Amino acid sequence: AQLFGLALGGAAVAVLGAHRALAVSAALYLGCALAVRLRLPRLEPGVSDGTSGRARGDGGAVRASLRGAGLLLRARTVRRLMLAQWLPSAFVAGAEGLIVAYAGGRHFAPGWYAVLMGCLPVGMLIGDLLVGRLLRPPTRERLVVPLVVLMGLPLVGFAAEPGVGLSCALLLLTGSGFAYGLGLQRPFLDARPQDGQGQAFGLLGSGNMTLQGVGPACFGSVAEGIGTGGAIALAVLGQGVQEGPLQTE
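Residues numbered from 1 in each chain as written. Predicted model: local features only at pLDDT ≥ 70, side-chain atom pairs only at ≥ 80, totals over all residues. Heavy atoms only, no water.

The helix and strand inventory of the chain stands at 13 helices and zero strands. When its helices and strands are written in sequence order, the chain yields α-α-α-α-α-α-α-α-α-α-α-α-α. When burial is assessed residue by residue, the chain has 33% of its 249 residues classed as buried. Counted over contacts in the chain with a minimum sequence separation of 6, partners at least 24 positions apart contribute 78%. Accessible surface computed for the chain: about 14400 Å², of which carbon and sulfur atoms make up 65%. (Helix = DSSP H or I, 4+ residues; strand = E, 2+ residues; numbered from the N terminus. Buried < 20%, exposed > 50% of the residue type's maximum accessible area, 1.4 Å probe, protein only. Contact = heavy atoms within 4.5 Å. Areas by Shrake-Rupley, 256 points an atom, 1.4 Å probe, with all protein chains shown as cover.)

With 41 residues, the main nonpolar core has Leu155 and Leu171 as its most contacted residues. If you tally residues by element for this core, the top one is helix α4 (residues 76–96), at seven residues. Setting aside chain neighbours within four positions, we find Leu171 in contact with Ile99, Leu116, Cys119, Leu120, Leu155 and Phe158. (Core = buried A, V, L, I, M, F, W, Y, C linked by side-chain atoms within 4.5 Å.)

This part takes up the packing of aromatic side chains. One pair of aromatic rings is described through two measures. These are the centre distance and the angle between the planes. Scanning the entire structure with this criterion turns up four aromatic pairs. For the ring pair Tyr102 and Phe158, a centre distance of 5.3 Å and an interplane angle of 80 degrees mean the geometry is edge-to-face. Of this pair, Tyr102 sits in helix α5 (residues 99–105) while Phe158 sits in the loop between α8 (144–152) and α9 (164–176), and the two are 56 residues apart along the sequence. Both residues of the pair, Tyr102 and Phe158, belong to the buried class. Aromatic rings pair up to connect Tyr102, Phe108 and Phe158 into one cluster. (Phe/Tyr/Trp six-rings, centres within 6.5 Å; stacked < 30°, edge-to-face > 60°.)

What follows is about the pattern of salt bridges. Close approach of charged atoms allows side chains with opposite charge to pair. Evaluated as defined, the whole model comprises one salt bridge. The salt bridge partner of Glu141 is Arg186, with a shortest N-O separation of 2.8 Å. On the criterion of sequence distance, the pair formed by Glu141 in helix α7 (residues 137–142) and Arg186 in helix α10 (residues 182–191) is long-range, its members being 45 residues apart. Assessed through its relative accessible area of 40%, Arg186 is described here as partly exposed. (Salt bridge = Lys/Arg side-chain N within 4 Å of Asp/Glu carboxyl O.)

What follows is about a nonpolar patch on the surface. A surface patch of nonpolar side chains, about 360 Å² in accessible area, is lined by Val15, Leu16, Val24 and Leu28. Residue assignment for the nonpolar patch shows that the elements contributing at least two residues are α1 (2–16) and α2 (18–39). Locating Val15 in the fold gives a position in helix α1. (Patch = residues over 30% accessible without salt bridge, like charges linked within 9 Å, V, L, I, M, F, W, Y side chains within 5 Å.)

Bringing α10 into the picture now. Of all the residues in α10, the buried ones are Gly183, Leu184, Pro187 and Phe188. Summarising the axial view, the buried residues of α10 lie within an arc of 115 degrees, below the 170-degree limit, and thus occupy one face. (Arc of directions from axis to C-beta.)

Next up on the list: the confidence of the model for the chain. Confidence in the prediction of the chain, expressed as mean pLDDT, is 83, and 86% of residues score 70 or more. Segment residues 48–58: pLDDT under 50, and 19 contacts once partners within four positions in sequence are set aside and those in other chains are kept. (pLDDT = per-residue confidence, 0-100.)

Turning our attention to unusual backbone geometry. Of note, the phi angle at His107 is positive, near 60 degrees, even though the residue is not glycine. His107 gets classed as exposed once you look at its relative accessible area, which sits at 69%. Its identity is not glycine, yet Glu161 carries a phi of approximately 50 degrees, on the positive side. Here Glu161 shows up in the loop between α8 and α9. Assessed through its relative accessible area of 43%, Glu161 is described here as partly exposed.

Printed below as a string of structure tokens:
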């Protein structure tokens, strides 16, 4: 989907120009919001989120969600597994947000911008296929830490401000490291409360989206001081801090 979106976005910019393409993108978002509002079925409380139907009587869905999130985050193993999935992707998202600026600073041809942006999802696709299809679950779980290292270490190469070919190779390797998440799925499934499965995965997804949104803003500020190549290289820190949380039983 990311690759299709990049291709469609590039075609829209080529035909309409950047400003009009952004307007089309905004209109598509509004269309998606309307489709979700009008077409998706309404579910009764407690049917899909694993919570009890007493949520409304206990003070509403918001209060029940906050209470459930607090319980999940107080569970040490669940908290560690969530951080293990949040932080590496947040740091890489911050680095990804600098790719266009890096390409512009290195004066790459405009056509290479989309190629560089597409390398991460291509690497993700390759890594998921190889790890998901060729390795058994116990092996995936043993490879979580090496794959996290693979996810971050290639970005250090951007400190040397490589050319377009090496930049593509580094981003492909980084993308393939995202397969580490496959090794955390079963431990997370086993660690989350039986009656809060929906909320556990909802919190995991919302935390991922939030931190991936914060990452580019933080890395953009850092890039103003040390340059885009150096800021991209700092994404390896997000993988280093995971050594503790990944050591789960």
